[in-house]
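A structural walkthrough
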Amino acid sequence: LDHWFPLVSAATGISNGVWPYFSGYDSGYGLLAPAVLVIWLASFGLSTLSLSALISVSTLIAGSASFTLMRSLTGSRAVALLGTSYLLLEATGPTAVISTFRAPVQITLGALLLYDSLRGDTRSVLAGFLFGVVALWNPPFGAFAVAGYTCAHACRVWQSSALERI
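The shown structure was predicted, so the numbers you read here are calculated from the model rather than taken from an experiment.

This part takes up the overall build of the protein. Helix and strand counts for the protein come out as 7 helices and 0 strands. The order of helices and strands in the protein, counted from the N terminus, is α-α-α-α-α-α-α. Counting across all 166 residues of the protein, residues that qualify as buried make up 36%. Considering only residue pairs separated by 6 or more positions, the protein has 59% of its internal contacts joining residues 24 or more positions apart. Within the structure as shown, the protein displays about 9,600 Å² of accessible surface, and the carbon and sulfur contribution to it stands at 70%.

This is the structure we're talking about:
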C-alpha cells in the first residue's frame, strides 16, 4: 500500500476539511479522485482488498464507457467488445496501483462525453458540463482534455460557418 500513501493522505486531508488547491496545497491527485476515495474509505475502510475493489469498480465504469463509445462510433457490438476487452485486459494492470484507479476512468468518460457533446442535441449541454467535472478528476491531464474539447468544438463551429457561407 506504500504507493497509495499520497492519495490516501489527500483523502484524509479532505475528510478533515483541507481540500487540495483551495487550502493552499496541491496533492498532485486532483480534486475528485481524493474526494471519491474519501467516500470509499468511509464506506469500506482502508485495506488492500478495499483498494482492489475500488480499482475493480473504476475499471467497470471505464469499460462501460468504452463499450458505449465504441458501440456508438462503429455500430458493432463485436468491435465494441473487442476494444473494451483490450482496455480491461491490457491497459489496466493486475496490481492495485494508483494509475489504474485514475487514468482509465478519466480517459474513457472524457472521450464518451466529448462524443456526446458534439452531437448537437439537448444532451450535449449536460455532456459538456459532465466533461468539465471529469476534467477535475486529475486537472493536469484534464487541462489537455479541455484543450482537445475546445479545439473539437471550435472546429465544429468553423465548419458550420463555412457551410453557411457556401
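Back to the text.
Glancing now at the nonpolar core. Membership of the largest hydrophobic core comes to 13 residues, with the highest contact counts inside it found for Trp-4, Leu-7, Val-8, Leu-37, Leu-41 and Leu-51. Put simply, the parts of the chain that give this core at least two residues each are α1 (5-15), α2 (32-44) and α3 (48-74). At 4 residues, the largest contribution of residues to this core is made by α2. In contact with Leu-41, other than residues within four places in its own chain, are Val-8, Leu-46 and Leu-51. Counting residues in hydrophobic clusters, the runner-up holds 5 residues, among them Ala-127, Phe-131, Val-134 and Tyr-149.

Looking now at the packing of aromatic side chains. In this structure the tally under the stated criterion is 2 aromatic pairs. When the ring of Trp-40 is compared with that of Phe-44, the centres are 4.4 Å apart and the planes differ by 45°; the resulting orientation is tilted. Here Trp-40 pairs with Phe-44, and both are found in helix α2, just 4 residues apart, close to one helical turn. On the basis of relative accessible area, Trp-40 is assigned to the buried category, the value being 15%. Considering the side-chain rings of Phe-131 and Tyr-149, the 4.6 Å spacing of their centres and the 20° angle between planes classify their relative orientation as stacked. Residue Phe-131 is located in helix α6 (residues 123-135), and its partner Tyr-149 is located in helix α7 (residues 139-165); the two are separated by 18 residues in the primary sequence. For the pair formed by Phe-131 and Tyr-149, the shared burial category is buried.

Attention now goes to the packing of α1 against α2. At their nearest, the axes of α1 and α2 sit 8 Å apart, and the two run at 80° to each other. Considering the angle they form, α1 stands roughly perpendicular to α2. Between α1 and α2, the residues in contact are Leu-7, Val-8, Ala-10, Ala-11, Ile-14 and Ser-15 and Ala-33, Pro-34, Ala-35, Leu-37, Val-38 and Leu-41, respectively.

Before going further, it helps to spend a moment on a nonpolar patch on the surface. A surface patch of nonpolar side chains, amounting to about 300 Å² of accessible area, comprises Leu-126, Phe-129 and Leu-130. With respect to the helices, strands and loops of the structure, Phe-129 is situated in helix α6. Judged by its relative accessible area of 56%, Phe-129 is exposed.

Close reading of the predicted structure is inappropriate where its pLDDT is low. Taken residue by residue, the protein gives an average pLDDT of 82. The fraction at 70 or more is 87%. Mean pLDDT across the secondary structure elements of the protein bottoms out at helix α5 (residues 98-117), with 81, and peaks at α2, with 90.

With 13 residues, α6 should cover 18 Å at 1.5 Å per step; its first-to-last C-alpha distance of 18 Å lies within 8% of that length. Listing the buried residues of α6 in full gives Ser-124, Ala-127, Gly-128, Phe-131, Val-134 and Ala-135. With its buried residues spanning 120° around the axis, α6 presents them on a single face. Turned more than 90 degrees away from the buried face of α6, the exposed residues are Val-125, Leu-126 and Phe-129.

What counts and how
- Residues numbered from 1 in each chain as written.
- Predicted model: local features only at pLDDT ≥ 70, side-chain atom pairs only at ≥ 80, totals over all residues.
- Heavy atoms only, no water.
- Helix = DSSP H or I, 4+ residues; strand = E, 2+ residues; numbered from the N terminus.
- Buried < 20%, exposed > 50% of the residue type's maximum accessible area, 1.4 Å probe, protein only.
- Contact = heavy atoms within 4.5 Å.
- Areas by Shrake-Rupley, 256 points an atom, 1.4 Å probe, with all protein chains shown as cover.
- Core = buried A, V, L, I, M, F, W, Y, C linked by side-chain atoms within 4.5 Å.
- Phe/Tyr/Trp six-rings, centres within 6.5 Å; stacked < 30°, edge-to-face > 60°.
- Axes fitted to C-alpha atoms, helices over the stretch in contact; angles between N-to-C directions.
- Parallel < 35°, antiparallel > 145°, perpendicular 65-115°, else oblique.
- Patch = residues over 30% accessible without salt bridge, like charges linked within 9 Å, V, L, I, M, F, W, Y side chains within 5 Å.
- Salt bridge = Lys/Arg side-chain N within 4 Å of Asp/Glu carboxyl O.
- pLDDT = per-residue confidence, 0-100.
- Expected span 1.5 Å × (residues − 1).
- Arc of directions from axis to C-beta.

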